[in-house]
Amino acid sequence: MKKILVVDDEKPISDIVKFNLTKEGFEVFTAFDGEEALEAFKEVQPDLILLDLMLPKIDGLDVAREIRKTSETPIIMVSAKDSEFDKVIGLELGADDYVTKPFSNRELLARIKANLRRVNAAPVETNDNVKKELTIGNLRINPTHYAAYKNDKQLDLTHREFELLYYLAQHLGEVITREALLETVWGYDYFGDVRTVDVTVRRLREKVEDTPSRPQYVSTRRGVGYYMSNPHD
C-alpha cells in the first residue's frame, strides 16, 4: 500500500482528498502546516507528497526545499495560484508536478499514479532497449547515473529536467508536441497542463544553453512543440 502525505491547511479539502485516495487503496496521512509536514515526512516516509503552496508557519516552497535536501520523493504542489511564476519556482525547487485548485479527483488521481509509475518503473535491460549514454555537441547525457554534463561539468538538473533532456536527445531532430511530451515524459494519458512543459523547457535551457534566449540545443517549432539539435552539425 503506497503512502501519501497530504499537506493542506484547509481541513475540508484535506478530508475530501484523504477520503478519495483511501478509497483508491492508498494509505493517507495529513498535515496542516509546514512544521507538521516536515515532521510527518520524517516519521511516515511517504511515497508521494501532495503539498499546498500556501501554508502557515513554513510555506510549501520552503517545505519542498527542505525535503529536497535529503529525498527525491515525488512532490505534487497544490495551490489556488495559477501563475507561471509560481510554477517556475515550484519546479525549480524540485517539485515533480503542479495542480491548481479546484481540481477533480480524477485529475489528481491520474497525476499521482503517473508520478508513482515514474518512480517505480524498473529499467528494462534488453539488447533492443538499453539506455545508452548520449553525446550531443558539448553535452554528455548519462542515464545510468541520471546525470548530464556540459564541457565535462555536471549540470544541476532536476529529475524531470533530466528525463526531458534525455528523451529529446533520443529523438534528435524530431519535433515532439507538448502533448506527446506530457504523455511520454510526464506519463499523463490525458490530464496535464502543457504550460508545465513550457516551464520545464525554459528551466532546462537556462542550464544547458550558453544563451537561453537563443537556444542551440533545445529549440521550439512554433505552434507545434520542441526538438533537440546538435549545434556542431
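Placed above this text is the structure.
Residues numbered from 1 in each chain as written. Predicted model: local features only at pLDDT ≥ 70, side-chain atom pairs only at ≥ 80, totals over all residues. Heavy atoms only, no water.

Caption draft 1: Molecular detail of the sheet that holds strand S2 (residues 27–31). Sheet architecture is open: five strands sit in the order S2-S1-S3-S4-S5, paired in parallel fashion. A single partner strand is all that each edge strand has here, and the edge strands are S2 and strand S5 (97–100). On average, each strand axis in the sheet is inclined to that of its neighbour by 20 degrees, with strand direction left out of account. Here four bridges tie strand S3 (residues 48–52) to strand S4 (residues 75–79), and the two strands are oriented parallel to one another. Looking at S4, one finds that Leu50 is bridged to Ile76. (Pairing = 2+ DSSP bridges. Helix = DSSP H or I, 4+ residues; strand = E, 2+ residues; numbered from the N terminus. Axes fitted to C-alpha atoms, helices over the stretch in contact; angles between N-to-C directions.)

Caption draft 2: Looking closely at the packing of helix H6 (residues 159–170) against helix H8 (residues 194–208). Packing of H6 against H8 leaves a shortest axis separation of 10 Å and a crossing angle of 85 degrees. Here H6 lies roughly perpendicular to H8, going by the angle between them. Contacts between H6 and H8 involve Arg160, Glu161, Leu164 and Leu165 from the former and Thr200, Val201, Arg203, Leu204 and Lys207 from the latter. Grouping the amino acids of the contact of H6 with H8 by side-chain chemistry returns four nonpolar, one polar and four charged. (Parallel < 35°, antiparallel > 145°, perpendicular 65-115°, else oblique. Contact = heavy atoms within 4.5 Å. Nonpolar A, V, L, I, M, F, W, Y, C, P; charged D, E, K, R; others polar.)

Caption draft 3: Spotlight on the side chain of Lys101. Relative to the helices and strands, Lys101 resides in the loop between S5 and helix H5 (105–120). Within the local environment of Lys101, its side chain forms a polar contact with the side chain of Glu10, the two groups lying 3.2 Å apart. Excluding its chain neighbours within four sequence positions, the residues that come into contact with Lys101 are Asp8, Glu10, Ile13, Asp52, Val78, Ser79 and Ala80. (Polar contact = N/O pair within 3.5 Å; in protein donor to acceptor, adjacent residues only side chain to side chain.)

Caption draft 4: Summary view of helix H2 (residues 34–44). Within H2, the full set of buried residues consists of Gly34, Ala37, Leu38, Ala40, Phe41 and Val44. Buried residues in H2, looked at end-on, bunch into an arc of 165 degrees, giving them a common side. Turned more than 90 degrees away from the buried face of H2, the exposed residues are Glu39, Lys42 and Glu43. Its buried side turned inward, H2 meets strand S1 (3–7), S2, S3 and helix H3 (60–68). Between the side-chain oxygen of the N-cap and the backbone nitrogen of Glu35 there are 3.0 Å, and the N-cap of H2 in question is Asp33. Positive phi appears at Gln45, one or two residues downstream of H2, with a value of about 55 degrees. (Buried < 20%, exposed > 50% of the residue type's maximum accessible area, 1.4 Å probe, protein only. Arc of directions from axis to C-beta.)

Caption draft 5: Fine view of the packing of aromatic side chains. By the definition in use, this model includes two aromatic pairs. An angle of 5 degrees between the planes, with centres 6.1 Å apart, marks the rings of Phe162 and Tyr166 as stacked. Of this pair, Phe162 and Tyr166 both sit in helix H6, four residues apart, which is roughly one turn of the helix. Using a relative accessible area of 4% as the deciding quantity, one classes Tyr166 as buried. Through pairs of rings, three or more aromatic residues link up here, namely Tyr146, Phe162 and Tyr166. Over the face of the ring belonging to Tyr149 we find Arg140, whose NZ or CZ atom lies 4.2 Å from the ring centre. (Phe/Tyr/Trp six-rings, centres within 6.5 Å; stacked < 30°, edge-to-face > 60°. Lys NZ or Arg CZ within 6 Å of the ring centre and 35° of its normal.)

Caption draft 6: Structural view of the sheet that holds strand S6 (residues 134–136). Taken together, four strands build an open sheet; the order of strands is S6-S7-S8-S9 and the sheet is antiparallel. With one partner strand each, in any of the chains shown, S6 and strand S9 (153–154) form the two edges of the open sheet. The strands touched by H6 within the sheet are S6, strand S7 (139–142) and strand S8 (147–150), with S7 carrying the most contacts at an inclination of about 110 degrees.

Caption draft 7: Broad picture of helix H1 (residues 11–23). Between its terminal C-alpha atoms H1 stretches 18 Å, which fits the 18 Å expected from 13 residues at 1.5 Å a residue. When we look at burial in H1, the residues that qualify are Ser14, Val17, Asn20 and Leu21. Buried positions in H1, seen along its axis, are confined to an arc of 135 degrees and lie on one side of it. Away from its buried face, by an angle of more than 90 degrees, H1 presents the exposed residues Pro12, Ile16, Phe19 and Lys23. Downstream of H1 by a residue or two, Gly25 has a phi angle that is positive, lying close to 100 degrees. (Expected span 1.5 Å × (residues − 1).)

From the geometry alone we can't say anything about function, so treat these as descriptive.
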